[in-house]
Each structure stands twice: as structure tokens, then as C-alpha cells.
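If you want the building blocks of each chain, they are given just below.
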Amino acid sequence: MSSEPPRERMLAPSRVLRETPPQTGGGRTREELLDEADAVMERAPQSLRFASRLLDKDNRERASLLYAWARRCDDIAEGRDRPARAGENDSERRSDGVKAIKVLTRRALDGLPTADPAFDGFGLVARERTIGENLVGDVISGFALEAADWVPRTEADLLRYCYHMGGAPAVMLARIMGAARDDGDLLDRACDLGMACELANIARDLSTDDADDRCYIPLEWLAEADLPPGEHLRPEHREKLALLAARIVALMERHEAAALSAVHRLPFRQRWAAIAIARIYGAMGRKVRDAGPAAWSYRTVVTTGEKLRLIAGALIAALGGKGPGADAPVGWTRHEFRPVPGW
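These remarks concern the structure in this document. Fair warning: this is a prediction, and the values are worked out from it, not measured in the lab. (Residues numbered from 1 in each chain as written. Predicted model: local features only at pLDDT ≥ 70, side-chain atom pairs only at ≥ 80, totals over all residues. Heavy atoms only, no water.)

Quick notes on unusual backbone geometry
Reasoning step 1: A positive phi angle is found at Ala115, which is not glycine, with a value near 65 degrees.
Reasoning step 2: Structurally, the position occupied by Ala115 is in the loop between α4 (90–109) and α5 (117–129).
Reasoning step 3: You can call Ala115 exposed: its relative accessible area is 72%.
Reasoning step 4: Even without being a glycine, Asp226 presents a positive backbone phi close to 60 degrees.
Reasoning step 5: The residue Asp226 is located in the loop between α10 (219–224) and α11 (238–260) in this model.
Reasoning step 6: Given the relative accessible area of 59%, Asp226 is considered exposed. (Helix = DSSP H or I, 4+ residues; strand = E, 2+ residues; numbered from the N terminus. Buried < 20%, exposed > 50% of the residue type's maximum accessible area, 1.4 Å probe, protein only.)

See the structure below:
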């Protein structure tokens, strides 16, 4: 009797096994993927929907495909795509979600089908416009921070988070709209725009984030204001909280001005959209600041009428070739916020 261990049996005869062939778009047509992406965009915040409609058709389609992927990644990272398994806690579910995002995105970038139209659509636009893997990794790192219940300790940490969640997606959007990979200044200014929008969101959403046990105010800021972490929304602390929110809005305005310093280099439709989105999110941040301690007693919004007026003003500025803040000084690059490459 042979003493050799039994050979492992294959699950199927070798002649049946085949490598999955590359299929741009996962085998779906571009029209099918766009229909799916457009349906996701219709559920996007009104500000983003308005801005996307200012773009020309090709760039509007690419922006929709990119947004659908980002929205789907967020749902997976937050565990909204499936119920928790028996014995699985929220942290485990979110960690598994980030792993799934990485696997599906890798397949999409490799041109392999994912069985998910959002990822297949991202694979299509990534191949059309040659989006770099490190940039994709920067965006995914933001979802990983969210999944890990990360908290910023310093202002630099806060800005690094805003890079992942707002700046890197904005750079990716600039790339799919034709910005050259080696045009560092233009990509840095796109990053500024995304970071400004994220900072405006953070200032507005302090109360809703607190309800989810999240806080993006740096711990050092809380300590300086003598605010115990987790208690900053208490009524007796609202005056101090308003001052911290004003610091966030000041950061927003710095990046907003830097972003607008480059809009004169964009084609007209992109210039119009960039000025409009900067003005809408800028208005939201300034509303939070101006409301002071009352800012989180209600949800701060820029009304539809206000958005339309801001878009009309952005049109006038875009027709003039450049927007307000075109001479704002800039002196940093997005690489200050980028982690070591690799994901």
C-alpha cells in the first residue's frame, strides 16, 4: 500500500476551467451602465444634480458613472448593502465591506466583470480615461477610515480625511474630464474644490454625525476649547461649538478660494459647473457660521431658489472667463495629504 498522501481532486476537470476573459463594462453595454448610473444620480444631493447638468453630455455621463461607483462603495462600506450575519457586529461588517470594495474595484480596473453595474461602469470609465491606481486607492482609503470609526487628532488629520473623502474624488473627476495627469496645479485646485465641499458638509452635519457617534472636529481643537469629546453638542457648549465650526468654515473658504484660482483654465461648461458647486457649498458653510450656536437646531440648507441664483451668478462669472478668487494665493499640493501608495 502506498504511503504517499492522496492527491487533491480538482473541483472540475482541467479542460473545463477557463480564465475569466476581460469584458469592458462587465459585458454590459455602455447604455445599460449609464441607465443604472443615471438612476443613482437622480437620488444624489440636489447640488450635485444641478452641477452635473451644467456639464456637456460626455462629461455628464462620465461623472454619473463615477458617482454611481462612489455611492455604491459608501453603501458597502457602511454595511447598507446587506443585513448583519448572526454574531457579526457593525465593525466586522464594515471591515468586510471595505475588503469587498477593494476586490470589486480591482476586478473592474482589470476589465473583469463584477456582477455589479456600479463597479462595471467604473471599470468602463477608468479604462476610457486612464485613472491611476494610486488615486483609486486614495478614495478607497477614505471608506476605510469611515469603516474604522476613525477620529482626527489634529487639523492635519482633518485635512487628510477631507482629501480622501472630497479631494481625491474631485481629482478623479478632473481626470475623467480630461485634465492631464502631469498638470499638477490644475489637479491640486480640483482637490481644493473637493476638500472645500467636504469641509462645508462637516460643519453642517456636526449634529447628525454626533447622532451616529462620529465627530470630525480634531481632538486637539476640542481640548483647546475645553470640550469633552462626545459632549460638544450639549446646549451649554453651543457657543464654543460655533467657534469651532467657524474654524472649519475658515478652512473651507481657504480651499474654496484656491479652487477658484484655476477655473479660468477650464472649458466653459466645466468652468460654470466648478464655480456653481463652489458657490453652493460655500454658501452652505457660511450659513452654518452665520447661524452661530443655533446652526444645529435645524438642518442648514441652501434652498432651490438660492441654488438657482448662485448658478446664474456662476454663469456670469464663467462667461467672464474666470471666477472670484482667481488671484488667491496657493502654495501647497495635494501630495501633502496623500498616504504611502498601495491598497
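So, the packing of aromatic side chains
Reasoning step 1: Scanning all chains against the criterion turns up 4 aromatic pairs.
Reasoning step 2: Ring plane angle 15 degrees and centroid distance 4.1 Å describe the contact between Trp69 and Phe122, whose orientation is recorded as stacked. Here Trp69 is found in helix α3 (residues 57–77), whereas its partner Phe122 is found in helix α5, with 53 residues between them in sequence. Residue Trp69 shares its accessibility class with Phe122, and that shared class is buried.
Reasoning step 3: Site record: aromatic cluster; members linked through ring pairs are Trp150, Tyr161 and Tyr216.
Reasoning step 4: The residue whose ring lies beneath Arg247 is Trp221, and the NZ or CZ to ring-centre distance is 4.0 Å. (Phe/Tyr/Trp six-rings, centres within 6.5 Å; stacked < 30°, edge-to-face > 60°. Lys NZ or Arg CZ within 6 Å of the ring centre and 35° of its normal.)

Considering the nonpolar core
Reasoning step 1: Counting residues in each nonpolar core, the largest one holds 100 residues, and the members touching the most others are Trp69, Phe122, Met172, Ile217 and Trp296.
Reasoning step 2: It is helix α8 (residues 184–204) that provides the largest number of residues to this core, a total of 12 residues. (Core = buried A, V, L, I, M, F, W, Y, C linked by side-chain atoms within 4.5 Å.)

Some thoughts on the pattern of salt bridges
Opposite charge on two side chains lets them pair, provided their charged atoms get close.
Reasoning step 1: All told, the structure shown has 28 salt bridges when counted by the stated rule.
Reasoning step 2: Among the salt bridges present, the one from Arg189 reaches Asp192, with a minimum N-O distance of 2.8 Å. In this pair, Arg189 and Asp192 are both assigned in helix α8, 3 residues apart and thus about one turn of the helix distant. Both residues of the pair, Arg189 and Asp192, count as buried.
Reasoning step 3: For Glu236, the salt bridge goes to Arg234, with nearest N and O atoms at 2.7 Å.
Reasoning step 4: Judged by its relative accessible area of 42%, Arg234 falls in the partly exposed class.
Reasoning step 5: Within the structure, one salt-bridge network assembled from shared partners comprises Arg30, Lys57, Glu61, Arg62 and Glu128. (Salt bridge = Lys/Arg side-chain N within 4 Å of Asp/Glu carboxyl O.)

That's the geometry; what it means functionally is another story.
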